[in-house]
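Survey of secondary and tertiary structure
Here's the letter readout for the chains.
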Amino acid sequence: MAKIKLEYIWLDGYEPTQNLRSKTKVEEHENFKGTLEELGNWSFDGSSTKQAEGGSSDCLLVPVAIYPDPTRINGWLVMSEVMYADGTPHPSNGRATIDDDNDDFWFGFEQEYFIMDTKTQLPLGFPVGGYPAPQGMYYCSVGGKNTHGRKLVEEHADLCIAAGINFEGINQEVACGQWEFQLFAKGAKKAGDEIWVARYLLDRLTEKYGYYIEYHPKPLGDTDWNGSGMHANFSNTVLRTCGDQATYERICEAFRPVTAEHIAVYGAYNDQRLTGKHETASIHDFSYGVSDRGCSIRIPLMTVQKGWKGWLEDRRPASNGDPYKIAARIIKTVNSAI
């Protein structure tokens, strides 16, 4: 028998932006294979996470995905859904709203974020009481003058890959101290699981560096610095195979009348980011276009070149958005058009 560490991870009930929570269960197992079938449900004090009242505070943690924990001996990361005691989904449970049981929808999320110094409360590379050189030289930069935080970013990438997450890339972004990683998954629920576990690994990693991650979509306020998004690239069988421009345009048009419904789940404070500047469309408008990063939805040039077979990119989701809720809303809209 071996003792294993199971780190149960879930989302709390804070609004407008939920937070990751986790706690460790140590169990004895013989020949543990790392499958969901080997795991049991657990519970937590929902009154401490804004998910229950003190008089009836138990909430259930139901495992939905498991990954090796590359930072622990005999450790595993257990992404969990929050349920009521009777087994029904808690209102904070965005994963339960996804209508994609056959995994027909594929998602590629581009997670942008700022690395913040806990001492200065500023992005890496920002001097106290001022600003670094204007943005322009930071994007995909090389060298200590313009590149800040690479050691953490590289270590995070290695951790995600070691955990079995389908990690697809990293790059420094347009603003100083701003980075991005990309993930892809077949199945909306899996895509959401992997973004949340990747965020968890990133947040936990900052503890040893004296940093923290800022997911706010416009942490530098109304300045000439880029905000942070989480562009959602998505497809289903229709988009991957139709070969028809009219079908693409019909699907894009289906997003127009439900713009408010999408913005409502695309992340808090997104109005500060979606201004029509810094490669964004205005939050008050809806648009789409081929290879246009100033549109709400970009039709990738590669999709057109392949004969209208490919995917779409919704550029509106904010960096602090919940990928479960974002995917659920996109799926609902696409399905309404086909």
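Residues numbered from 1 in each chain as written. Predicted model: local features only at pLDDT ≥ 70, side-chain atom pairs only at ≥ 80, totals over all residues. Heavy atoms only, no water.

In the nomenclature of an unreviewed UniProt entry, the protein chain corresponds to Glutamine synthetase from the organism Flavobacterium hungaricum. For the protein chain, the Catalytic activity (unreviewed entry) comment in UniProt is given as "L-glutamate + NH4(+) + ATP = L-glutamine + ADP + phosphate + H(+)". Checking UniProt for the protein chain, the heading Subunit (unreviewed entry) contains the comment "Homooctamer and homotetramer." (UniProt positions renumbered as here; feature names shortened; annotations may be inferred.)

What the protein chain contains, in helices and strands, is seven helices and 14 strands. Whereas a compact globule of 338 residues would reach a radius of gyration of roughly 20 Å, the protein chain reaches 20 Å, a difference of no more than 12%. Along the three orthogonal principal directions, the C-alpha set of the protein chain runs to about 55 × 50 × 40 Å. For the protein chain, the residues scored as buried account for 53% of the 338 residues in total. In the protein chain, the share of contacts with a sequence separation of at least 24, taken over all contacts with a separation of at least 6, comes to 66%. (Helix = DSSP H or I, 4+ residues; strand = E, 2+ residues; numbered from the N terminus. Rg over C-alpha atoms; globule rule 2.2 N^0.38 Å. Buried < 20%, exposed > 50% of the residue type's maximum accessible area, 1.4 Å probe, protein only. Contact = heavy atoms within 4.5 Å.)

With that settled, consider the UniProt feature "domain: GS beta-grasp" (unreviewed entry) in the protein chain. According to UniProt, the feature "domain: GS beta-grasp" (unreviewed entry) maps to residues 4-87 in the numbering used here. For residues 4-87, the helix share is 0%, the strand share is 50%, and the end-to-end C-alpha distance is 26 Å.

Mapped onto the fold, Ser57 is located in the loop between strand S3 (42-45) and strand S4 (58-68). Exposure remark for Ser57: the relative accessible area of 17% places this residue in the buried category. Within the structure, the side chain of Ser57 is placed 3.4 Å from the side chain of Asp45, a separation counted as a polar contact. The residues contacting Ser57, other than those within four sequence positions of it, are Phe44, Asp45, Gly46, Ser47 and Ala52. (Polar contact = N/O pair within 3.5 Å; in protein donor to acceptor, adjacent residues only side chain to side chain.)

The next point concerns the environment of Thr259. Its place among the elements puts Thr259 in helix H5 (residues 259-264). Between the C-alpha atoms of Thr259 and Arg316, which are 57 residues apart in sequence, the distance is 10 Å. Not counting chain neighbours up to four residues away, the residues in contact with Thr259 comprise Phe286 and Arg316.

In total, this model carries two cavities of 30 Å³ or more according to the counting rule given. By volume, the largest cavity amounts to about 70 Å³. What lines the largest cavity is simply Leu11, Met79, Ser80, Glu81, Val82, Ser92, Asn93, Gly94, Arg95 and Tyr324. In terms of residue count, strand S5 (residues 75-83) provides more of the lining of the largest cavity than any other element does, four residues in total. A class-by-class count of the residues in the lining of the largest cavity yields four nonpolar, four polar and two charged. (1 Å grid on protein atoms, 1.4 Å probe; cavity = no way out; pocket = protein on both sides within 12 Å on 5 of 7 lines; lining within 4 Å. Points joined across faces, edges and corners; volume = space filled by probe spheres on them. Nonpolar A, V, L, I, M, F, W, Y, C, P; charged D, E, K, R; others polar.)

Before going further, it helps to spend a moment on the nonpolar core. Soluble globular proteins tend to bury their nonpolar side chains together. In this structure, Phe107, Tyr113, Ile165, Leu312 and Ile330 are the most contacted members of the largest nonpolar core, which totals 62 residues. Considering each element in turn, this core owes the most residues, ten residues, to helix H2 (residues 188-206). Phe44, Cys59, Leu61 and Ile66 belong to the second largest nonpolar core, which has 13 residues in total. (Core = buried A, V, L, I, M, F, W, Y, C linked by side-chain atoms within 4.5 Å.)

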